[in-house]
Each structure stands twice: as structure tokens, then as C-alpha cells.
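Reading the structure
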Amino acid sequence: MSRSLAASKQSSNPLRLLIRRNPTNLPPLLRHLSAESIHPSPPPSRPSHNTLATQIVTLLQANENDWTNDDELRRLLFASTDSSPSISPLLLYKITRNLGTTTKALKFFDYLRANSSSPPDPPSLSSAFHAIFELASHDRANSPFKLSELFTIFKEHSIPLNVNSATLLVRCFGQSGMVEKSLLVYKELDPDLRNTHIRNVLVNALLRDGRIDDALQVLDEMLIRHSKSPPNDNTVDIVMAALLLKDRNGRSVSEEEIVGLVKKFGEHGLFPSAVRLTQFITKLCRSGKSDRAWDVLHDVMDLGGDVQASSCNALLVGLGRHQHFPKMNKLLVEMKEKDIQPDVITFGILINHLCKFRRVDEALEVFEKMSGGSGNGGFSVTPDTILYNTLIDGLCKVGRQEKGLGLMEQMRLHQGCAPNTVTYNCLIDGFCKAGEMERANELFDQMNKVGIAPNVVTLNILVDGMCRHGRVNSAVEFFYEMQGKGLKANAVTYTALIKAFCNANNIDKAMQLFNEMSEIECSPDAIVYYTLIAGLTQAGRLDDASFVASAMKKAGFCLDVVSYNILIGGFCRKNKLDKAYQMLKEMEQAGVKPDGITYNTLISHFCKTGDLTTAHRVMRKMISDGLVPTVVTFGALIHAYCLVGNLDEAMKIFRDMSSGSRVPPNTVIYNILIDCLCKNKKVEVALSLMDDMKDKGVRPNTTTYNAMLKGLQDINWLEKAFELMNQMTEQACNPDYVTMEILTHWLSAVGEAEKLRSFVQGYEVSASTA
């Protein structure tokens with residue numbers, strides 16, 4: 001029944017039957033109607049994300065105060081049936097972000113929530129709020145505080161935190177020093193969303209804030225085996241950069257802790273970059289831990305890290321500083337085995353340290369190896385001018401200037417590696433120090449002929465060389481000749497000339513040069529002042545020395561303890577004790593602490609003037625200042641007591657030295673006492689002191705024997721004198737004219753001239769120093 005009813009319905013619509021059977025034979029109008037019936041028009045396509053976002057933002061901006069009544073806005077944002085959002089989280093993010101300010105973005109966020117019949121899905125809300133966080137972060141002045149407020153709103157609405165928002169907040173709070181906020185955000189994030197990137201950002205913030213242990217705790221979670229957020233190269237760089245920073249916050253991190261981290265990273269197949277590894281090796285070496293630096297570098301090598309020449313170079317510097325030359329050579333061999341190509345800096349470090357410690361033959365071997373080709377253990381590294389100069393300088397410093405000259409000729413054969421001013425300076429300095437001034441001058445002439453301009457260092461080397469070898473007039477002549485050619489001198493040049501004239505006691509010329517410096521606007525340095533003060537004091541011109549000291553202070557320099565000691569000594573020699581005390585007071589006011597020489601100078605002065613009470617008071621002050629009296633201190637006191645005939649006090653001080661003091665008596669002390677004892681007819685006590693010298697390993701000299709022989713002569717103890725003469729012969733202690741005068745007068749008078757002849761046979765009598 002139903003089937004027949006359906007058939008009758010179909011048959012009752014002849015148009016439908018006609019269309020179905022032969023639509024192509026229909027008239028145009030019917031054919032058009034038939035096409036609409038069979039193929040209805042598709043719904044209009046939705047605009048692209050960018051276009052739609054632009055349309056919505058335009059509407060939002062144009063009708064900012066009445067979004068609720070904007071039908072077009074509602075149509076674009078919500079479906080027509082249930083008012084639920086019809087836009088994706090990505091589109092929602094774009095719209096919110098393009099509103100430009102956090103105020104508009106928050107208003108839009110509230111509009112969405114208020115006008116959706118059902119709550120927007122969590123990802124959409126998270127995307128919208130991420131855009132709000134981004135807008136707030138761009139306000140540099142108020143960013144951290146605004147973000148903090150927004151995060152509170154975010155939490156009040158129970159919006160799920162996505163990893164992008166969390167990362168942004170952790171970074172911004174960390175950069176603003178609000179690390180507690182960074183930690184709070186991190187803890188709010190779902191643990192499953194805590195990826196490597198956000199952990200890196202948090203570790204960086206914690207390390208910057210000095211919260212080392214918190215950072216290391218996060219890092220430990222990353223380093224757990226099979227961690228879902230393992231460390232990456234950025235992690236290593238963040239950690240190494242922070243821990244190697246000199247002026248960072250937080251507790252100190254030992255080198256051993258960093259070594260442990262490097263090893264843990266290595267177990268994950270991660271290694272410090274070449275820059276960070278080089279920095280760490282340099283840090284270890286500067287701390288005197290070159291052996292540990294060796295271990296770190298080899299750990300990275302063994303675990304498969306990419307080690308560059310720069311890291312090896314840093315280790316070579318540390319090893320060279322401590323003269324670990326076998327290890328330096330071993331590292332060079334390992335570099336070749338592991339295909340780490342050494343550069344010219346590598347060989348420069350090796351050669352520099354070998355030359356510094358006068359191992360120039362080994363330096364020459366390294367030099368030959370570096371350019372000997374890759375076969376037979378050699379390398380193919382072309383030496384540069386700096387390396388040649390280093391080796392030439394090393395050769396000159398050990399007196400091998402001729403070999404240095406040969407290397408300079410070899411330089412000329414290398415393309416792009418010609419001798420320069422430094423090359424000639426090294427050679428000229430070597431010949432000057434060897435006293436070969438003619439050769440030095442020849443090289444100077446040669447460098448001018450080949451068009452290499454001398455500099456102020458060249459001038460200083462030659463002037464100093466001439467002054468040291470007694471050619472002061474030649475030095476002055478050369479000095480003014482160079483000045484005339486436009487080569488200006490500096491403070492070092494003037495120091496050499498002033499010192500030479502002071503040593504020659506030509507103080508007026510020294511002062512002339514000093515005054516000349518001001519005329520040509522060459523400012524004296526501290527060393528010029530020190531040199532002139534010493535020269536003037538030595539010449540007894542203390543008023544001039546004081547004037548120069550005042551000028552020095554006006555120029556902004558401070559006298560050092562050596563200069564104060566020189567002035568105090570000069571005033572003491574002139575018996576101007578009030579001036580000496582004035583200097584002492586001045587140096588204490590300037591914060592310059594008196595040293596042993598200061599006190600010994602004063603003690604010696606008081607001893608020479610017989611004021612032994614004050615001498616002892618000064619020595620007590622010396623001890624209270626934490627200084628230990630020296631052999632000079634005790635020698636001055638013993639000599640003073642001997643001069644006033646107080647042998648008991650002199651011997652008491654001597655016994656204190658021998659027992660309680662950390663300053664053992666030397667030959668000078670023994671000589672003072674032996675001479676005094678012999679003059680006071682206490683020859684046996686003097687002989688006992690000679691035995692004491694032997695027991696304590698103090699070697700007697702000619703002055704000791706002269707004092708004893710004179711004492712023995714006075715009591716005519718001939719046999720003992722013969723024993724001492726035999727001792728002198730056995731110890732190769734040459735007699736001087738005082739010895740010969742004593743023995744000639746005495747032995748000739750007692751008929752022992754033959755004994756005297758046998759004694760002096762084979763001796764070359766030296767000039768008396770008494």
C-alpha cells in the first residue's frame with residue numbers, strides 16, 4: 001500500500017519525471033530550474049584567518065563603546081544558532097594581539113565570556129590571555145607589575161596556563177628580578193608541559209639572581225635518565241656562562257662542581273661550546289689547577305666532544321706557566337692524533353714559554369716541527385712575524401744574537417712575513433746587553449736603510465745601552481739627534497739618562513734633563529721621580545731631593561716605601577733627625593707602612609750616635625709592628641756595644657740570636673765580635689766563636705782570620721797562628737795586604753820567614769777591602 005502510494009506521488013509530478021529522464025532536452029528555463037534542484041549552491045566560504053581577524057579587529061576598533069549591539073561583529077564571532085564561538089584559538093590569539101593594548105584586549109576577553117551562551121573552550125581562553133601577556137610585556141616601564149596583575153586575573157578565571165604564556169612570564173619576571181614570581185608561574189604549569197625550553201628560561205633566571213642551588217635542582221631534574229625534558233645545547237651554554245661569570249650573585253661555585261656538571265652534560269652527549277670550554281680551562285689554569293684543566297679537556301675529548309685549538313691553547317698557557325713542558329709536548333701530539341688542527345697561536349704559546357724559561361733549543365725544535373710538513377710528526381703551520389719575533393727575542397735574551405740574526409734573514413724569505421721594528425728592537429737589545437754597541441748601531445743603521453722606522457722603544461734601548469756601558473755623552477748626542485728627526489722621547493728615555501748622570505755624580509745635568517721634560521710636555525712618571533730622589537739623596541743634596549718629592553706629590557704620584565727609606569737614610573747620614581722623623585710621620589699619614597729597612601736605618605743611626613736606649617725602643621716598635629729584626633738589626637746593636645766596650649751586652653744579643661731568634665748570625669756578626677774580643681785580649685773566647693762558626697756552617701773569610709791573627713800576635717801565640725794559616729790554605733781563603741802586613745811583621749821578628757814564604761806560595765794576594 002505504501003509502495004503504491006509513493007509511486008503514485010512520483011507519477012503525479014510529471015515535471016520531476018521529465019527532468020530525471022532527460023534533463024538535457026529541457027527548455028532553458030526548465031533546465032535552469034532543474035540544475036538548481038539537483039545541485040544546490042554551496043554555502044559562502046569563510047574568509048581566511050588573516051582576513052577574518054582584520055575584519056573583526058576593524059569592527060572592534062570602530063565601534064569600541066557598543067560591541068554588544070553590533071550584529072555584524074556577533075555574526076563573525078559567533079555561530080547563528082547557539083551563540084557559541086565559531087573561531088579557533090589561533091584566530092582568537094590574532095584578534096586579541098592586534099587590538100594593540102592590554103586594556104582593549106581585556107575588554108574583548110570579557111565580551112567573549114559574557115556573550116557566549118556556553119563558556120569558551122579552555123585553549124581559546126589560554127590563547128587570548130597569552131596575547132594579553134604579550135601586549136603587557138612590551139610595556140618596558142610597567143611590564144613586570146602589569147604582568148603580575150594580569151596573572152592574578154588569569155588565575156581568578158581559572159584559565160589553564162599554556163607553556164607559551166608560562167615561558168613568557170618566567171622570562172619577564174626573571175629579567176625584572178622577580179624570581180619568586182617566576183617560580184610561582186613554573187609551579188602553576190602542568191608538569192607534563194614543562195619542556196626543556198621553559199626549564200632553560202627558569203634556570204637562567206635563577207642563576208642570574210644568584211639562586212644557585214634552586215637552579216641546580218631544576219637542572220638535576222633535566223639530567224635524570226630518560227627525562228621528558230632533557231638538557232640541550234642552550235642549557236649547557238646558559239649554565240656555563242652564568243657559573244663562569246666573574247661578578248655574579250649568589251654563593252661561590254667551586255671549580256670541582258663545574259667539572260662535575262661538564263661530565264654530566266657529556267654523559268648526555270652535550271658539551272660546552274669552544275668559547276665556554278676555553279673560558280673554563282683558563283679559569284682552572286689561573287687558579288693553579290692546570291692538572292684538573294688537563295682532565296676536563298680529556299674528558300670532553302674521550303666523550304666525543306668537539307674540541308677546538310682555542311681550548312688546547314688555553315691549557316698550553318696554563319701548563320707553560322708552571323713549566324709542564326712534557327705535558328705541553330704530549331698535548332701537541334694528541335692534537336695531531338685527534339685531528340685538532342693547531343694554529344700559529346698554539347706554536348706561539350709553546351715557543352714563548354720555552355723562551356721565557358731560557359729553553360731556546362727546545363723552542364727551535366718546535367719551530368722546525370711546525371713548518372716541517374704533516375709527515376714525520378711535523379705540521380703545516382706557517383709562522384708569522386710575531387712568532388719569529390718571539391723566538392728572536394728568546395735567543396737574544398740568552399746571548400745568541402747571531403742565531404737571531406740568522407732567523408731574521410729567514411723571515412725575509414717568507415712571503416708576507418718581513419722583519420719589522422720589533423724584530424730589530426729585539427736584536428739591538430740583545431747586542432746592547434752583550435756590550436756590543438757597534439753591532440747594535442750597525443743594526444740601527446740597517447733598519448733605516450731598509451725603510452723600517454725606529455720607534456721610542458728603539459731609542460730607549462740604545463740610550464740605555466750606551467749609558468750602561470759608560471757612553472753617556474754618546475747617549476745624549478744620539479738622544480738629541482733622534483729628537484731632531486721627530487722621534488719623541490718618553491719618561492723611560494729620560495729615566496735612563498737621569499740615572500746615568502746621577503751615577504756619574506753630575507746632578508746638575510740630571511736636574512737639567514728633569515726640567516727639560518716639562519718644557520717639551522713629556523710628563524715624568526713615578527720612576528723618573530724615584531730615580532732623581534735617589535740620585536740627589538746619594539749626592540747629599542737633600543733639599544733638592546725634598547723639592548722633587550714635593551713636586552712628585554703635586555703631580556699626583558705617591559712616594560713608595562723605597563723612596564721614603566732613601567730620604568730617611570739621607571737625613572740620618574746628615575744627622576738631621578728631625579727631618580728623618582718628619583719623613584717617618586709623613587709616610588705613616590700617607591698609609592705607607594714602614595718596613596724592615598726603615599727601622600734598620602733608624603736603628604743603625606742611633607747605634608752609630610751611641611743612643612742605644614732609643615735604638616732598643618725602635619727595635620721594640622719594629623717587633624710590635626709585626627716585623628722580624630734581621631741580621632742587620634742585630635749587627636748594628638752588637639757593633640754599637642762593641643764600640644762602647646760593652647762586650648757583655650754584645651755577647652748577650654749574640655746568644656739571643658743563636659738560641660731564641662729566627663735570625664742566625666752570619667760571618668759579619670762573628671767578625672765584629674771576634675775583632676772586639678781580640679782587641680780586648682779575649683783571644684780564647686774569640687777562638688771559641690770560630691769553632692762555633694764551623695759547627696753552624698758559617699764560613700770564615702779573610703777579615704775573620706785577620707782579626708784572629710792580630711789577636712794572636714798581641715799575645716804571641718805562634719802555634720795557634722800556624723794552625724789558622726793552615727786552615728786558610730785548606731779553605732782557599734786568600735790573604736790580603738792586611739794579612740801580609742801582620743804576618744810579615746810578626747814572623748820576621750820571630751825568625752819564621754820561611755814559614756811565611758811557604759804560606760804565600762801559590763796565593764795571589766788580593767787587594768785589602770778593610
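Because the structure is a prediction, the values reported are computed rather than measured. (Residues numbered from 1 in each chain as written. Predicted model: local features only at pLDDT ≥ 70, side-chain atom pairs only at ≥ 80, totals over all residues. Heavy atoms only, no water.)

**Points about the side chain of His-130**
- Tracing the sequence through the fold places His-130 in helix 8 (residues 122–137).
- Filtering out sequence-adjacent residues up to four positions away, His-130 remains in contact with Tyr-93, Asn-162, Asn-164, Ser-165 and Leu-168. (Helix = DSSP H or I, 4+ residues; strand = E, 2+ residues; numbered from the N terminus. Contact = heavy atoms within 4.5 Å.)

**Observations regarding the environment of Glu-257**
- You can see Glu-257 is positioned in helix 15 (residues 255–267).
- Counting along the chain gives 14 residues from Glu-257 to Leu-243, while the straight-line C-alpha distance between them is 9.8 Å.
- For Glu-257, the contacting residues outside a window of four places in its chain are Leu-216, Arg-251 and Ser-252.
- In this structure the side chain of Glu-257 is engaged in a polar contact, spanning 3.0 Å, whose partner is the side chain of Arg-251. (Polar contact = N/O pair within 3.5 Å; in protein donor to acceptor, adjacent residues only side chain to side chain.)

**Thoughts on the environment of Leu-76**
- In this structure, Leu-76 sits in helix 5 (residues 71–77).
- Here the alpha-carbon distance between Leu-76 and Ala-53, two residues 23 residues apart in the chain, equals 9.6 Å.

**Things to note about helix 10 (residues 163–175)**
- Its 13 residues give helix 10 an end-to-end C-alpha distance of 18 Å, which sits within 8% of 18 Å, the value for a rise of 1.5 Å per residue.
- Those residues of helix 10 that are buried are in contact with helix 8, helix 9 (143–156), helix 11 (179–188) and helix 12 (196–208).
- Capping of helix 10 at its N-terminal end is provided by Asn-162; its side-chain oxygen lies 3.3 Å from the backbone amide nitrogen of Asn-164.
- Taken from the residues just after helix 10, Gly-177 is the one with a positive phi, measuring 80 degrees. (Expected span 1.5 Å × (residues − 1).)

**What about the state of the cysteines?**
- Tallied over the full model, the rule gives 0 disulfides.
- Cys-426 supplies the cysteine sulfur nearest to Cys-396, a cysteine that is in no disulfide, at a spacing of 6.5 Å. (Disulfide = S-S within 2.5 Å.)

**Details of the confidence of the model for the protein chain**
- The pLDDT averaged across the protein chain works out to 87; a share of 90% of its residues lies at or above 70.
- Taking the mean pLDDT of every element in the protein chain, the minimum, 34, falls on helix 2 (residues 14–21) and the maximum, 97, on helix 24 (residues 421–433).
- Within the model, pLDDT remains below 50 along residues 1–44, and this stretch shows 13 contacts once partners closer than five positions in the same chain are excluded.
- Here residues 765–770 is a poorly scored stretch, pLDDT under 50, and it has 14 contacts once near neighbours within four places are set aside; other chains count. (pLDDT = per-residue confidence, 0-100.)

**Brief notes about the packing of helix 13 (residues 212–223) against helix 15**
- At a minimum axis separation of 11 Å, helix 13 and helix 15 run at an interaxial angle of 25 degrees. Of the possible angle classes, the one that applies to helix 13 and helix 15 is roughly parallel. As for how helix 13 packs across helix 15, the hand of that crossing is left-handed. Here Leu-216, Leu-219, Asp-220 and Leu-223 of helix 13 come into contact with helix 15, specifically with Glu-257, Leu-261, Lys-264 and Phe-265.
- By residue class, the composition of the contact of helix 13 with helix 15 is 5 nonpolar, no polar and 3 charged. (Axes fitted to C-alpha atoms, helices over the stretch in contact; angles between N-to-C directions. Parallel < 35°, antiparallel > 145°, perpendicular 65-115°, else oblique. Left-handed = near helix turned anticlockwise from the far one by under 90°. Nonpolar A, V, L, I, M, F, W, Y, C, P; charged D, E, K, R; others polar.)

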